[in-house]
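Chains, contacts and geometry: an overview
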Amino acid sequence: MPVRTFDGWDNPSPGFVEADLVAHSGPVAKGSFVQTLVLTDIATGWTECAPLLVREQRLLTEVLSEMRKLLPFALLGLDTDNDSVFMNETVRDYCLAAGVEFTRCRPYRKNDQAWVEQKNGSVVRRAVGYRRFEGLEAAAVLARLYGAMRLFVNFFQPSFKLAAKARDGAKVTKRYHPPATPCERLMTDARTNEEVRRRLATQRSTLDPVRLLQAIRAAQQELVRLADTLVLGDATPPTAPTLEQFLSGLRTAWQEGEVRPTSAPKPKAKRLRRRPDPFVAVTTVLREWFEAEPWRTSRELFERLQAEYPGTYPDGQLRTCQRRLKGWRREAALRLVFRTAPVDVINLNSKHECPAVV
């Protein structure tokens, strides 16, 4: 089987894809569980996902045939890792019969498949999470989720694409193309025929990203129910919000953090101050200067502070001053946009440091 490395792609035309499997086994990779087959186009970033009920080579080729019908271009090349579900005569003969160039990456070199590995995280894991899913019902819900996800990601979710990379010793400089959706890259590619452009433009005009996101959230809620039922037994299904409730909550959704049902982040304890606050005596003065001239940089205000109190504030405390003003600027920006202050902005007279802006 020919080997293709991460730099073996020489600006291929749309249709050369990388393929990988994402396991939904939960914390224990034992028994039978659903897996996701991911295809990512090198030229455009177009991504297709489909669930596999079991790891079986014949089933994989059948699912691949269905995914080829959804691709807006012909499948020209298939690059996989060295998993036994790909490296077998069934998949090889399938590619030969379909006229698809079949290659593989080097063993134990994940970076050779950087395109699809990135989509494994940004598309599959972010949408599905790390719970365990098994059985026909879970595969059906995943198929419904990916049906909405493929339209949302490929038509409405822009991404960066690397244009050039230069190395100067240990320093690596990267330059990227302007962010664009996979659909936009495909339509602007000179190798795309007019029929494909017309079909994509027509399909895009019929899509509503808000309704797609609503379908994604509903499928994610169903996945959570299935995962909880698998672990805890019968669970009460959650109540899906209406479209009006969803739209009315967009304005304050940023205050609630992550909204994906499949995501369960661990709460992080706020880091307390470990050293005495060097600006406790001049916080009021510094805040007055900031409010009077909010366009001033942190360095300018810090140098003014050094001039007013010579010998008190060394240059090493500039970073502390910058963090203090960063919190104030965040508070002012949120008040300007949302007419309210962030809930986690610490009182100026507190002994804690203002949290960094994420």
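Residues numbered from 1 in each chain as written. Predicted model: local features only at pLDDT ≥ 70, side-chain atom pairs only at ≥ 80, totals over all residues. Heavy atoms only, no water.

Sheet strands pair by backbone hydrogen bonding; their relative direction is either parallel or antiparallel. The mixed open sheet is built from five strands, whose spatial order is E3-E2-E1-E4-E5. Strands at the two margins of the open sheet, each flanked by one partner only, are strand E3 (47–52) and strand E5 (101–104). The mean angle between the axes of side-by-side strands here comes to 25 degrees, regardless of whether they run parallel or antiparallel. As judged from the three bridges shared by strand E1 (residues 16–23) and strand E4 (residues 77–80), these two strands associate in the parallel manner. Bridge pairing in E4 links Glu-18 to Asp-79. Set on the sheet, helix H4 (residues 136–156) makes contact with strand E2 (35–41) and E3; between it and E3 the angle comes to about 180 degrees. (Pairing = 2+ DSSP bridges. Helix = DSSP H or I, 4+ residues; strand = E, 2+ residues; numbered from the N terminus. Axes fitted to C-alpha atoms, helices over the stretch in contact; angles between N-to-C directions. Contact = heavy atoms within 4.5 Å.)

Note that Thr-40 resides in strand E2. Thr-40 sits in the buried class, given a relative accessible area of 1%. Among residues more than four places away in sequence, those in contact with Thr-40 are Phe-16, Val-17, Glu-18, Gly-45, Trp-46, Thr-47, Trp-115, Val-116 and Lys-119. (Buried < 20%, exposed > 50% of the residue type's maximum accessible area, 1.4 Å probe, protein only.)

What follows covers the nonpolar core. By size, the foremost hydrophobic cluster in this structure holds 57 residues, and its most contacted members are Leu-37, Trp-46, Leu-78, Val-128, Leu-145 and Leu-200. Broken down by element, the residue count for this core peaks at 12 residues, all from H4. Contact partners of Leu-78, with chain neighbours within four places excluded, come to Val-17, Ala-19, Leu-39, Leu-64, Cys-95, Val-100, Glu-101, Phe-102 and Thr-103. Counting 13 residues, the second largest nonpolar core, distinct from the first, contains Val-282, Phe-290, Leu-301 and Trp-328. (Core = buried A, V, L, I, M, F, W, Y, C linked by side-chain atoms within 4.5 Å.)

For the rest of this paragraph, the subject is empty space enclosed by the protein. Applying the stated criterion across every chain, the model contains one cavity of 30 Å³ or more. In this model, the largest cavity occupies a volume close to 40 Å³. Secondary-structure elements contributing two or more residues to the lining of the largest cavity are E3 and H4. Among the elements that take part in the lining of the largest cavity, H4 stands out by supplying four residues, more than any other. Looking at the lining of the largest cavity residue by residue, the classes come out as five nonpolar, one polar and two charged. (1 Å grid on protein atoms, 1.4 Å probe; cavity = no way out; pocket = protein on both sides within 12 Å on 5 of 7 lines; lining within 4 Å. Points joined across faces, edges and corners; volume = space filled by probe spheres on them. Nonpolar A, V, L, I, M, F, W, Y, C, P; charged D, E, K, R; others polar.)

So yeah, pure geometry; function would need other evidence.
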